[in-house]
Amino acid sequence: MSAPQLLVHEKKDTVGVVVIEGLKACADMTCVVTADNSSFRLKSRMDVPIGHKVALVDIKKGDTVVKYGQDIGKAVADIKKGEHVHVHNLKTKRW
């Protein structure tokens, strides 16, 4: 298996984290689930900086976003599978 471009912590996560510099749109990523060392493929829909999140599934506006197996906030816009997930489309539920 090639080195991963995206890490996912738990199988139930809806986002993963980019772990390479310069991830480009249309990249065919190797994704690794750290909980069980399984892997899968996913195509990025846009350029995404290292350390930022990518949607693993289509996420609807208002849906809970899951990372580390935990609720990390809600989508404030529809997010397609493979798209960048960050402050422009994800907000905390605290405020």
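Here, every reference points to the structure presented above.
None of these values were measured; they are calculated from a predicted model.

## Quick word on the sheet that holds strand 6 (residues 64-67)
Item 1. Taken in spatial order, the three strands of this open sheet run 6-7-9, and their pairing is antiparallel. This sheet does not close on itself; its edge strands, each paired only once, are strand 6 and strand 9 (90-91).

## Points about the sheet that holds strand 4 (residues 38-43)
Item 1. Strand order in the open sheet made by the six strands is 4-3-1-2-5-8, with mixed pairing throughout. The two strands at the open ends of the sheet, each matched to only one other strand, are strand 4 and strand 8 (84-85).
Item 2. Of the pairings in the sheet, the one linking strand 3 (residues 28-33) to strand 4 comprises six bridges and is antiparallel in character. Counted as the bridge partner of Met29 is Leu42 from strand 4.

## Details of the pattern of salt bridges
Item 1. Evaluation of the coordinates by the stated rule reveals three salt bridges.
Item 2. When the shortest N-O distance is used, the salt bridge between Asp36 and Lys11 registers 3.6 Å. Of this pair, Asp36 sits in the loop between strand 3 and strand 4 while Lys11 sits in the loop between strand 1 (6-8) and strand 2 (15-18), placing them 25 residues apart in sequence.
Item 3. Judged by relative accessible area, Lys11 falls into the exposed class, the value being 57%.
Item 4. The partner of Asp28 in a salt bridge is Arg41, with the nearest N and O atoms 3.1 Å apart. With a gap of 13 residues between them, Asp28 in strand 3 and Arg41 in strand 4 connect regions that are remote in the sequence.

What counts, and where the lines are drawn
- Residues numbered from 1 in each chain as written.
- Predicted model: local features only at pLDDT ≥ 70, side-chain atom pairs only at ≥ 80, totals over all residues.
- Heavy atoms only, no water.
- Pairing = 2+ DSSP bridges.
- Helix = DSSP H or I, 4+ residues; strand = E, 2+ residues; numbered from the N terminus.
- Salt bridge = Lys/Arg side-chain N within 4 Å of Asp/Glu carboxyl O.
- Buried < 20%, exposed > 50% of the residue type's maximum accessible area, 1.4 Å probe, protein only.

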